[in-house]
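Below are the chains, spelled out letter by letter.
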Amino acid sequence: MAKTIFITGATSGFGKLWAEALLQRGDNVAATSRRANAFTALSEKYGDQFLPLQLDITDREAVFATVNKAKEHFGQLDVVINNAGYGVFGAVEEVREKVARDVFDANLFGTLWVTQAALPILRAQAHGHIIQLSSVLGVWSLPTLGIYNATKFAVEGLSEALASEVKDFGIHVTLIEPNGYKTEFGGSSAVFGDSLDVYNPLRESLGKIEGLGPDDYGTPKATVPAILKLIDSENPPLRLFLGKLGYVKTERVYGEKLQQWKEWKDVSEAAHG
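What counts and what doesn't
Residues numbered from 1 in each chain as written. Predicted model: local features only at pLDDT ≥ 70, side-chain atom pairs only at ≥ 80, totals over all residues. Heavy atoms only, no water. Helix = DSSP H or I, 4+ residues; strand = E, 2+ residues; numbered from the N terminus. Rg over C-alpha atoms; globule rule 2.2 N^0.38 Å. Buried < 20%, exposed > 50% of the residue type's maximum accessible area, 1.4 Å probe, protein only. Contact = heavy atoms within 4.5 Å. Areas by Shrake-Rupley, 256 points an atom, 1.4 Å probe, with all protein chains shown as cover. Lys, Arg positive; Asp, Glu negative; His and termini not counted. Charge placed at Lys NZ, Arg CZ, Asp CG, Glu CD. Axes fitted to C-alpha atoms, helices over the stretch in contact; angles between N-to-C directions. Parallel < 35°, antiparallel > 145°, perpendicular 65-115°, else oblique. Left-handed = near helix turned anticlockwise from the far one by under 90°. Nonpolar A, V, L, I, M, F, W, Y, C, P; charged D, E, K, R; others polar. Salt bridge = Lys/Arg side-chain N within 4 Å of Asp/Glu carboxyl O. Polar contact = N/O pair within 3.5 Å; in protein donor to acceptor, adjacent residues only side chain to side chain. Pairing = 2+ DSSP bridges. Right-handed = clockwise from strand over helix to strand, strands pointing away.

A. Fine view of the overall build of the protein chain. When you go through the protein chain residue by residue, the secondary structure sums to nine helices and nine strands. In terms of C-alpha radius of gyration, the protein chain reaches 20 Å, essentially the compact-globule figure of 19 Å for 273 residues. Structurally, the protein chain occupies a C-alpha span of about 60 × 45 × 35 Å along its principal axes. Evaluated residue by residue, the protein chain yields a buried proportion of 43% over its 273 residues. Considering only contacts within the protein chain whose residues lie at least 6 apart along the sequence, 70% involve residues at least 24 apart. Put simply, the protein chain shows about 14,500 Å² of open surface, and 54% of that area lies on carbon and sulfur atoms. Each charge sign in the protein chain was given a centre, from 27 positive and 33 negative side chains, and these centres are 3 Å apart.

B. Up close: the packing of helix 4 (residues 97-125) against helix 5 (residues 146-166). Following both chains from N to C, one finds helix 4 and helix 5 inclined at 15°, their axes separated by 9 Å at the closest point. By the criterion of interaxial angle, the relationship of helix 4 to helix 5 is roughly parallel. When the axes of helix 4 and helix 5 are compared, the crossing they make is right-handed. Contacts between helix 4 and helix 5 involve Ala 100, Val 103, Phe 104, Asn 107, Leu 108, Leu 112, Thr 115 and Leu 119 from the former and Ile 147, Tyr 148, Ala 150, Thr 151, Lys 152, Ala 154, Val 155, Leu 158, Leu 162 and Val 166 from the latter. Per-class residue counts for the contact of helix 4 with helix 5 are 14 nonpolar, three polar and one charged.

C. Expanded view of the pattern of salt bridges. Following the criterion strictly, the structure yields twelve salt bridges and no others. One salt bridge connects Asp 102 with Lys 98, and the closest N-O pair in it is separated by 2.6 Å. Pair noted here: Asp 102 and Lys 98 are both in helix 4, with a separation of four residues, about one helical turn. The exposure class assigned to Asp 102 is partly exposed, which follows from its relative accessible area of 29%. Here Glu 160 makes a salt bridge to Arg 239, at a shortest N to O gap of 2.7 Å. Of the two residues, Glu 160 is situated in helix 5 and Arg 239 in strand 9 (residues 239-242); the sequence distance between them amounts to 79 residues. For Glu 160, a relative accessible area of 40% gives the class partly exposed. Here the salt bridges share partners, and the residues they tie into one network are Glu 156, Glu 160, Glu 177 and Arg 239.

D. Inspection of unusual backbone geometry at higher detail. Even without a glycine there, the phi angle at Ala 126 is positive, about 65°. Mapping Ala 126 onto the fold places it in the loop between helix 4 and strand 6 (128-133).

E. Region of the structure containing the environment of Ile 147. Relative to the helices and strands, Ile 147 resides in helix 5. In this structure the C-alpha to C-alpha distance between Ile 147 and Val 198, which are 51 residues apart in sequence, comes to 18 Å. In this structure Ile 147 touches Val 95, Ala 100, Val 103 and Phe 104, once residues within four positions along its chain are discounted.

F. Summary view of the side chain of Glu 177. Considering the arrangement of structural elements, one finds Glu 177 in strand 7 (residues 171-178). Exposure remark for Glu 177: the relative accessible area of 2% places this residue in the buried category. At a separation of 3.3 Å, a polar atom in the side chain of Glu 177 contacts the side chain of Arg 239. Residues in contact with Glu 177, not counting those within four places in the same chain, are Ser 134, Ser 135, Val 136, Val 139, Glu 156, Arg 239, Leu 240, Phe 241 and Leu 242.

G. Here's a closer look at the environment of Thr 144. You can see Thr 144 is positioned in the loop between strand 6 and helix 5. On a C-alpha basis, the gap between Thr 144 and Phe 89 in space is 5.9 Å, while along the polypeptide they are 55 residues apart. Excluding anything up to four places from it in sequence, Thr 144 contacts Val 88, Phe 89, Gly 90, Ala 91, Leu 202, Arg 203 and Leu 206.

H. Expanded view of the sheet that holds strand 9. An order of 3-2-1-4-6-7-9 is seen for the seven strands of this open sheet, with the pairing classed as parallel. Of all strands in the sheet, those with a lone pairing partner are strand 3 (50-54) and strand 9, marking the two edges. Neighbour to neighbour, the strand axes of the sheet diverge by 15° on average, direction disregarded. Strand direction decides the pairing type here: strand 6 and strand 7, joined by six bridges, are parallel. In the sheet register, Ile 131 faces strand 7, and the bridge partner there is Thr 174.

I. How the structure looks around the pairing of strand 3. Pairing of strand 2 (residues 28-33) with strand 3, which is carried by five bridges, proceeds in the parallel orientation. Pairing of Thr 32 across the sheet is with Leu 53, part of strand 3. Following the backbone out of strand 2, through helix 2 (residues 40-46) and into the adjacent parallel strand 3, one traces a crossover that is right-handed.

As structure tokens, then:
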């Protein structure tokens, strides 16, 4: 049966790919963008199956009105995909206050507002699936991406708690954690801090440290079958890596964390009193 999906940030990257794939297979899609004319082609092609919505996800009042508009148009919402967001590049010292606040407004608070707006609808239906676009950088950190890391770590904590809060209402929550993909994440959609020369050696060595080559960046279109399978699952996971690198590095990073906690275990227990 056709599902109704609400997705933010659907004009480029993953959001655009997923929205188009869902429409192609017959689902109803309500898609948001900051630009009113962003979806002209999709509107002409899919008619009533597609609802274009202009939205700034950092505007909480507008978010609630827009989510409710989508529900009223289609009658229900089966899946809510919080895809909108962007990257900030720069060492922690290099990122100005406004840049940091703005990315938290979009990546964390925008996700929170959409989630809060959707929950009463999903609870009343006694079913629904909230999909949060996190990142492998919500699971472990990379230098020069600390502020972006912080937003995604926050989305992880928020969503893990949310999953436990709403499971008895018939609502599922999934965190999608892509590794690097060939998208505009580091291009036109990115924001950069004020470069300080002292961090240039780190920036120059980062690729070598991480050992990343061209083949380690995934092909965005390859994510489509995974997203369709996730949306159709009766028992979706709380977390889903996209790409081949997430699991491998997470296994290593968490092994190192556990080892360090173990080494300091006596100190930790003595601090209990």
